[in-house]
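# Commentary on secondary and tertiary structure
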Amino acid sequence: MTASSPNTLEEGQAAPPSNRGNGMFVVLVGMAAVVFAPCVLLPIWRDYQALRYAEQVEQAELERARALLQLQRRRLEALQNDPAAIARVARRELGYRDPHEFTVPVVLAPEQVVEIAPVALTPVEPPGVVAGLVGKLPAADYDSIFCHEPTRTILMCLAGGLLLSAMVIYAPRQSH
């Protein structure tokens, strides 16, 4: 056996796999993932937030409906069991008047429209680990970058091209 330098190969000997390309492959795939992940995850997160806010609004409306139902049940109970309530309803809504009764007309101000108070929404926060990472990001309009067209499509195509380039140029080779 002859001594040979590390750069020369004997006949029939396979070249050792090079690790130079593996590092660049990992860097390119990582860059593609850093661009591609927000393009996929941020729109999903915004949809989740919108659903949670809609759930809060619906919950508030449900509570209002329950309160109204309770009021209607009390009125029904009074109409079934309280003679004074029946007399008030007969006078007010049916216009019943005792023939010996003296009435004084009263001019009322027009009814005011009752506005429903806006619902106080509680913010939907991301999980703790994600919130810590998001807190370290610089202030920017990430929705316009990662959620809205055409920017989102362009970034996804660029990330796909970067991933494809990494696969074609630096893909780890299987040694036999």
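The structure reproduced in this document is the subject of the present report. Just so it is clear, the structure is predicted and the values come from calculations on it, not from any experiment.

Cut-off values and rules
- Residues numbered from 1 in each chain as written.
- Predicted model: local features only at pLDDT ≥ 70, side-chain atom pairs only at ≥ 80, totals over all residues.
- Heavy atoms only, no water.
- Helix = DSSP H or I, 4+ residues; strand = E, 2+ residues; numbered from the N terminus.
- Buried < 20%, exposed > 50% of the residue type's maximum accessible area, 1.4 Å probe, protein only.
- Contact = heavy atoms within 4.5 Å.
- Areas by Shrake-Rupley, 256 points an atom, 1.4 Å probe, with all protein chains shown as cover.
- Patch = residues over 30% accessible without salt bridge, like charges linked within 9 Å, V, L, I, M, F, W, Y side chains within 5 Å.
- Salt bridge = Lys/Arg side-chain N within 4 Å of Asp/Glu carboxyl O.
- Polar contact = N/O pair within 3.5 Å; in protein donor to acceptor, adjacent residues only side chain to side chain.
- Phe/Tyr/Trp six-rings, centres within 6.5 Å; stacked < 30°, edge-to-face > 60°.
- 1 Å grid on protein atoms, 1.4 Å probe; cavity = no way out; pocket = protein on both sides within 12 Å on 5 of 7 lines; lining within 4 Å.
- Points joined across faces, edges and corners; volume = space filled by probe spheres on them.
- Nonpolar A, V, L, I, M, F, W, Y, C, P; charged D, E, K, R; others polar.

### Focus: the overall build of the protein
If you tally the helices and strands in the protein, you get five helices and zero strands. Taken from the N to the C terminus, the helices and strands of the protein come in the order α-α-α-α-α. Across the 176 residues that make up the protein, the buried fraction comes to 11%. The long-range share in the protein, meaning contacts at least 24 apart out of those at least 6 apart in sequence, stands at 75%. Summing over all exposed atoms, the protein offers an accessible surface of approximately 14900 Å²; the carbon and sulfur share of this is 64%.

### Concerning a nonpolar patch on the surface
Taken together, the side chains of Val 129, Val 130, Leu 133, Val 134 and Leu 137 define a hydrophobic patch exposed on the protein surface, amounting to about 470 Å² of accessible area. Mapped onto the secondary structure, Leu 137 falls in the loop between helix H3 (128-135) and helix H4 (142-146).

### Focus: helix H2 (residues 83-93)
Among the residues of H2, the N-terminal cap falls to Asp 82, whose side-chain oxygen and the backbone nitrogen of Ala 84 are separated by 3.3 Å. Within two residues after H2, Gly 95 carries a phi angle of roughly 70°, on the positive side.

### A short note on the packing of aromatic side chains
In the structure shown here, the tally under the stated rule is two aromatic pairs. Between Tyr 142 and Phe 146 the ring centres are 6.4 Å apart and the planes differ by 15°, which places this aromatic pair in the stacked class. With Tyr 142 and Phe 146 both in helix H4 and four residues apart, this pair spans about one turn of that helix.

### Here we look at the environment of Gly 160
Inspection of the secondary structure puts Gly 160 in helix H5 (residues 151-170). A relative accessible area of 34% means that Gly 160 is categorised as partly exposed.

### Regarding the layout of surface pockets
Here the largest pocket is characterised by a volume of approximately 520 Å³. In this structure, the largest pocket is lined by 15 residues; those nearest its centre are Pro 38, Leu 42, Val 130, Val 134 and Leu 137. Elements supplying a minimum of two residues to the lining of the largest pocket: helix H1 (20-81), H3 and H4. Among the elements that line the lining of the largest pocket, the one with the most residues is H1, at seven residues. Per-class residue counts for the lining of the largest pocket are 13 nonpolar, one polar and one charged.

### A look at the pattern of salt bridges
Under the criterion given, the structure shown has five salt bridges. Here Arg 46 and Asp 143 are joined by a salt bridge, their closest N and O atoms 2.8 Å apart. One end of the pair, Arg 46, is in helix H1; the other, Asp 143, is in helix H4, with 97 residues separating them in the sequence. The exposure class assigned to Asp 143 is partly exposed, which follows from its relative accessible area of 23%. The closest approach of N and O atoms between Arg 52 and Glu 55, which form a salt bridge, is 3.2 Å. Residue Arg 52 and its partner Glu 55 are both found in helix H1; the two are separated by three residues, about one turn of the helix. Given a relative accessible area of 33%, Arg 52 falls into the partly exposed group. Take Glu 55: its relative accessible area is 45%, and that puts it in the partly exposed class.

Scope: geometric values only; no functional claims are made or implied.
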